Amino acid sequence: MTIEAKLDAIGIVAADLAKSLAFYRALGLAVPDGAENEPHVEVQLGGGMRLMFDTEETVRSFHPSWSPAVGAGRIGLAVSLPDAAAVDAMYAKLTAAGHHGELEPFDAPWGQRYASMNDPDGNGVDLYAPLDR
């Protein structure tokens, strides 16, 4: 028997939903207005994929013994930008808004301008673009 499975969503449990949504809005995602007042939020990413956010309280409503992982986030997201200047600009925009820059932009040996951020829950969000060579 073959079961077809298709990954169609990535879920993030947010300690502070408003802070998390502000981060992803600043990153350019179309987070609906007023979403920070909801217990569950979904954002279309294109290609049929969704990024979903739940408050800790929402998760505990159906999984009472759940508790957040200790330490840094356990997922990594990667965001493609059009060029190296856009990587620098996005990193500057997000850090100026108070978000944690994990790794400042640099020219990676694999041919990309590359930087790493952390969202408010410690999840890694890499920013990258091809280098003009």
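Located above this text is the structure these notes cover.
Predicted, not measured: the structure shown is a model, and the values here were computed from it.

> Please explain the sheet that holds strand β5 (residues 100–107) as it appears in this structure.
Hydrogen bonding along the main chain pairs the strands of a sheet, whether they run parallel or antiparallel. Here 4 strands make up an open sheet; going across it, the order is β4-β7-β6-β5 and the pairing mixed. Both edges of this open sheet fall to β4 (76–80) and β5, since each of them pairs with a single strand only. Ignoring strand direction, the axes of neighbouring strands in this sheet form an average angle of 15°. Sitting on the sheet, helix α3 (residues 84–96) is in contact with β5, β6 (112–118) and β7 (124–130), with an inclination near 15° to β6.

> Looking at this model, I keep getting lost on α3. Mind explaining?
Note on helix geometry: an α-helix contains 3.6 residues per turn, so any two residues three or four positions apart are oriented the same way. For α3, which comprises 13 residues, the first-to-last C-alpha distance of 18 Å matches the rise-based estimate of 18 Å (1.5 Å per residue) to within 8%. Buried residues of α3: A86, V87, M90, Y91 and L94, and no others. Seen from one end, α3 has its buried residues packed into an arc of 135°, which puts them on one side. Turned more than 90 degrees away from the buried face of α3, the exposed residues are A85 and A96. For α3, the elements touching its buried residues are α1 (17–26), β5, β6 and β7. The N-capping residue of α3, defined by a side-chain oxygen 3.3 Å from the backbone nitrogen of A85, is D83. Positive backbone phi, at 95°, marks G98, one or two positions downstream of α3.

> Sorry if this is basic, but what is going on with the pattern of salt bridges here?
Side-chain pairs of opposite charge can arise where the charged atoms are in close proximity. Throughout the structure, instances matching the rule amount to 6 salt bridges. With a shortest N-O distance of 3.9 Å, R60 and E56 are connected by a salt bridge. Highlighted residues: R60 and E56, both in helix α2 (residues 56–62), separated by 4 residues, approximately one helical turn. Residue classification places R60 among the partly exposed residues on the basis of a relative accessible area of 34%. Here D88 and R113 are joined by a salt bridge, their closest N and O atoms 2.8 Å apart. Taken as a pair, D88 in helix α3 and R113 in strand β6 lie far apart in primary sequence, 25 residues in all. Its relative accessible area of 15% is what places R113 among the buried residues. A network of salt bridges, in which partner residues are shared, links D8, E42 and R50.

> Looking at this model, I keep getting lost on the packing of aromatic side chains. Mind explaining?
Aromatic ring pairs are defined here through the distance separating the ring centres and the angle between the ring planes. What the rule picks out here adds up to 5 aromatic pairs. Taken together, a centroid distance of 5.3 Å and an interplanar angle of 55° make the contact between Y24 and F53 tilted. Highlighted residues: Y24 in helix α1 and F53 in strand β3 (residues 49–55), separated in sequence by 29 residues. One exposure class covers both Y24 and F53, and it is buried. Look at F106 and Y114: their rings are 6.0 Å apart centre to centre, the planes differ by 65°, and that puts the pair in the edge-to-face class. Relative accessible area serves as the criterion here: at 27%, F106 is assigned to the partly exposed category.

Analysis parameters
Residues numbered from 1 in each chain as written. Predicted model: local features only at pLDDT ≥ 70, side-chain atom pairs only at ≥ 80, totals over all residues. Heavy atoms only, no water. Pairing = 2+ DSSP bridges. Helix = DSSP H or I, 4+ residues; strand = E, 2+ residues; numbered from the N terminus. Axes fitted to C-alpha atoms, helices over the stretch in contact; angles between N-to-C directions. Contact = heavy atoms within 4.5 Å. Expected span 1.5 Å × (residues − 1). Buried < 20%, exposed > 50% of the residue type's maximum accessible area, 1.4 Å probe, protein only. Arc of directions from axis to C-beta. Polar contact = N/O pair within 3.5 Å; in protein donor to acceptor, adjacent residues only side chain to side chain. Salt bridge = Lys/Arg side-chain N within 4 Å of Asp/Glu carboxyl O. Phe/Tyr/Trp six-rings, centres within 6.5 Å; stacked < 30°, edge-to-face > 60°.

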